[in-house]
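Remarks on the overall topology
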Amino acid sequence: MSPLSAMVWQRLTGLMPGELNQGELSWLATPHRHLSLLARRRATLIVNRVRLFAFLFAVLTPVWSVVDFIVFPFPLWRELALMRFAACAAFASLLVYYRSNGDLFNAYRAMALLFAIPTVFYVASHTLLTYYELTGMSAAIGAGYAFLPFVLLAGLSIFPLTLVESLVVASPILICQAVSGYLRWAAMDWPSFAGAFWLLVLITGVAALAGLCQLAFMIALVRQAIRDPLTGAFSRSSGTEIIDLHFTLARRANAPFAVAFLDLDHFKRINDQFGHEAGDRALITMTESVSRHLRHGDVLARWGGEEFLLIMPGTTIEQAETAIERVRKAGFGERPEGGRVTASIGIAESRADQAADWKDLVELADQRMYRAKQAGRDRVVSREPAEAAAISA
């Protein structure tokens, strides 16, 4: 890390102590490197907050029509009331019919719809109000319509968005405001317009910062929830979510999907002879060693005790055997009494083993791991006995 990068990192961690790891800093800029579990949880949260926003607008939009009725001439009120009714119906539809499916693009679509409805209403109402000469209280209330973009941009602060996402959402509103000023070029009060536009930019910055703080806090919470506190591997609950997702995707694409069940050999002896601290150190060392030699996209989850599950999307049985052999060759650490830590490993692959679901796949890998133990430990079993014999013959 360069001195400048180190200084920037120290400043940022000072602002958010204990929240982000150094490798997670880039996650605040774009969503491309987010874990699938974080993306799914964030997508659900975004859609839920879109629906909350839609509920508030669906209630408040028609209520304000009472104020319009009091201060505006009837023809203007009638046209604004029709616009408000249409906007209210759109917000209500978004609230009733939109649900999260855990997909981030589905969440983006929900946000686009949420911000498109009031933006269209703002452009239409702003255009309509220019045709009327309003004075006194009517002019004051009419001027209030110009503050709708401020409300929308301030609303960005309730979403846990990356910097790029915040700018993409805010850009259409800022562009509409600029276009509105251009269309009124001749009669424009430029100092007033420039001040209002600069305020919009500042609100966008504050809202984006609020979204980044929410995202940082969410990253920290998700990390704590999905990681095993001792080893840093994924926990069993998050592992089941990951394997369920990848198994479903593999089934849809008719793609290979392999898992490997790893169980450390004679682990109980370490705990009995040297204590649980020595056992914990052995588990941590094993996890670090395996993690260093994982392929991109592979996931290691602690299944329980000294048992681990290695999830390998897009991997055939042959590729899984090669990957596991590389991990075994790197080693799992040293035993306290001397000698290597070894593991019994069972491998299963969804297409080759015709697994009905991910639970059957894990169960098959577990059975093969036990066969590896029965055969003398420190080995890999990846095929049924008859199939293995046919291949060796």
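Since we're looking at a predicted model, the values are computed, not measured.

**Section: the overall build of the protein chain**
A tally of regular secondary structure across the protein chain gives 15 helices and five strands. Relative to its 393 residues, the protein chain shows a buried fraction of 43%. Within the protein chain, counting contacts between residues at least 6 apart in sequence, those at least 24 apart form 73% of the total. Total accessible area computed for the protein chain in this model is approximately 20,400 Å², and 63% of it derives from carbon and sulfur atoms.

**Observations regarding the side chain of Asp 68**
As for its placement among the helices and strands, Asp 68 is situated in helix H3 (residues 65-71). A polar contact of 2.5 Å, which involves the side chain of Asp 68, links it to the side chain of Tyr 145. Excluding anything up to four places from it in sequence, Asp 68 contacts Trp 77, Leu 80, Arg 84, Ile 141 and Tyr 145.

**Considerations on the environment of Ala 143**
Within the secondary structure layout, Ala 143 lies in helix H6 (residues 136-144). Residue Ala 143 is classed as partly exposed on the basis of its relative accessible area of 42%. With 105 residues separating them along the chain, Ala 143 and Leu 38 place their C-alpha atoms 42 Å apart.

**Notes on the UniProt feature "transmembrane region" (unreviewed entry) in the protein chain**
Within this numbering scheme, the UniProt entry marks residues 50-74, 80-98, 110-132, 138-159, 166-185 and 197-222 as carrying the feature "transmembrane region" (unreviewed entry). Strand forms 0% of residues 110-132 and helix 87%; the C-alpha atoms that close the span are 35 Å apart. From the first C-alpha to the last, residues 197-222 spans 37 Å; its make-up is 100% helix and 0% strand.

**Details of the pairing of strand S2 (residues 299-304)**
Within S2, five of the six residues are buried, which leaves the element mostly enclosed by the surrounding structure. Bridging between S2 and strand S3 (residues 307-313) involves five bridges; their strand directions are antiparallel. Within S3, the position partnered with Gly 304 by the bridge is Glu 307. Connecting S2 to the next strand, S3, in antiparallel fashion are two residues, including Gly 305 with a positive phi near 60°.

**Describing the nonpolar core**
One finds Met 111, Leu 114, Phe 115, Leu 156 and Phe 159 to be the most contacted residues of the largest nonpolar core, which totals 42 residues. Mapped onto this core, the elements with two or more residues apiece are helix H2 (36-63), helix H4 (74-97), helix H5 (104-129), helix H7 (148-155), helix H8 (163-183) and helix H9 (190-226). With 11 residues, the single largest contributor to this core is H5. Once residues within four sequence positions are removed from consideration, Leu 114 is found in contact with Val 50, Phe 53, Ala 54, Phe 91, Leu 94 and Phe 159.

**Some words on H4**
Note: α-helices contain 3.6 residues per turn, so residues at a spacing of three or four share the same orientation. Taking 1.5 Å of rise per residue, the 24 residues of H4 would be expected to cover 34 Å, and the 34 Å separating its terminal C-alpha atoms lies within 8% of that figure. Inspection of H4 places Leu 76, Leu 80, Ala 81, Arg 84, Ala 87, Cys 88, Phe 91 and Leu 94 among the buried residues, and these make up the whole buried set. Looking at the buried positions of H4, the neighbouring elements they touch are H2, H3 and H5.

Conventions we followed
Residues numbered from 1 in each chain as written. Predicted model: local features only at pLDDT ≥ 70, side-chain atom pairs only at ≥ 80, totals over all residues. Heavy atoms only, no water. Helix = DSSP H or I, 4+ residues; strand = E, 2+ residues; numbered from the N terminus. Buried < 20%, exposed > 50% of the residue type's maximum accessible area, 1.4 Å probe, protein only. Contact = heavy atoms within 4.5 Å. Areas by Shrake-Rupley, 256 points an atom, 1.4 Å probe, with all protein chains shown as cover. Polar contact = N/O pair within 3.5 Å; in protein donor to acceptor, adjacent residues only side chain to side chain. UniProt positions renumbered as here; feature names shortened; annotations may be inferred. Pairing = 2+ DSSP bridges. Core = buried A, V, L, I, M, F, W, Y, C linked by side-chain atoms within 4.5 Å. Expected span 1.5 Å × (residues − 1).

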